[in-house]
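Summary of structural features
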Amino acid sequence: MGNLREAQKALTKDLLLQSGLEVFLRKGYAAATVDDIAKAAGATRTTFYLHFPSKGELVSQLVGHAHEMLVSLEGPPLSDVVESGQQAKIRAWLDSRMSQWDAIKPYMIVSYQASHEPDVASRTEDWYEQVVQQMATGLERASRYTTERRRVRSLLAFGQFEYLSRRYFAVGWRSDRQREVCLEELTDSWLHLLTE
């Protein structure tokens, strides 16, 4: 009996997450209410609060889901890619993550709308810090740069990637060729920052 309850609880939570994402995208984070989310999920306000203490926590978990989507991609870990310093590996890593942008776009748009929420800001900062640390670890294993410079170079490289993703989420690619040009330039920039 306990397994059935746990399965039902997990399904309800997933339904609330999906409904929350849809409501936030339709109405915007600020205008969406807990009642809107619960109604879209066919649940009650009480049910919502059994699973999430706030709208911010729901978005925080959506950010976690987007992170899991990116981490689950096949290929070598970012630290290994950076350590290698090989153009082909860096390009392949960037290309695979850029290929996921359409899938994570809804999650990231909502997270930007809710970035003032402490839960969301904390989850997003943890995610960014993990990526920067992976890059710095790769530089350390390759014995490139001082500890201080490793972190700064990693921040700059990931900052470029993150800014480009935000631009893509806002306006998309202006032409079919733009994605390829952005990938080439970002790869060259990462090579400059992380290998020279």
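Everything discussed here concerns the structure shown above.
Residues numbered from 1 in each chain as written. Predicted model: local features only at pLDDT ≥ 70, side-chain atom pairs only at ≥ 80, totals over all residues. Heavy atoms only, no water.

Counting its regular elements, the protein chain contains 10 helices and zero strands. Moving toward the C terminus, one meets the helices and strands of the protein chain in the order α-α-α-α-α-α-α-α-α-α. In terms of overall dimensions, the protein chain has C-alpha extents of about 55 × 40 × 30 Å along its principal axes. Within the span of the protein chain, comprising 196 residues, buried residues form 41% of the whole. A separation threshold of at least 6 residues defines the contact pool for the protein chain, and within that pool the share at least 24 residues apart is 73%. On the protein chain, roughly 10,700 Å² of surface is accessible, and the fraction owed to carbon and sulfur atoms is 52%. Taking the 24 positively charged and 26 negatively charged side chains of the protein chain as two groups, their mean positions are separated by 3 Å. (Helix = DSSP H or I, 4+ residues; strand = E, 2+ residues; numbered from the N terminus. Buried < 20%, exposed > 50% of the residue type's maximum accessible area, 1.4 Å probe, protein only. Contact = heavy atoms within 4.5 Å. Areas by Shrake-Rupley, 256 points an atom, 1.4 Å probe, with all protein chains shown as cover. Lys, Arg positive; Asp, Glu negative; His and termini not counted. Charge placed at Lys NZ, Arg CZ, Asp CG, Glu CD.)

Before going further, it helps to spend a moment on the pattern of salt bridges. Going through the model one piece at a time under the given rule, you end up with nine salt bridges. A salt bridge links Arg91 to Glu180, with the shortest nitrogen-to-oxygen separation between them at 2.2 Å. Taken as a pair, Arg91 in helix α6 (residues 87–98) and Glu180 in helix α10 (residues 176–195) lie far apart in primary sequence, 89 residues in all. A salt bridge links Glu162 to Arg166; the shortest N-O distance between them is 2.6 Å. (Salt bridge = Lys/Arg side-chain N within 4 Å of Asp/Glu carboxyl O.)

Following both chains from N to C, one finds helix α8 (residues 118–141) and helix α9 (residues 147–171) inclined at 135°, their axes separated by 9 Å at the closest point. Classed by the angle they form, the pair α8 and α9 counts as oblique. Handedness of the crossing formed by α8 with α9: right-handed. Listed contacts from α9 to Tyr128, Glu129, Val131, Val132, Met135, Ala136, Leu139 and Glu140 of α8 are Arg150, Arg151, Ser154, Leu155, Ala157, Phe158, Glu162 and Arg166. (Axes fitted to C-alpha atoms, helices over the stretch in contact; angles between N-to-C directions. Parallel < 35°, antiparallel > 145°, perpendicular 65-115°, else oblique. Left-handed = near helix turned anticlockwise from the far one by under 90°.)

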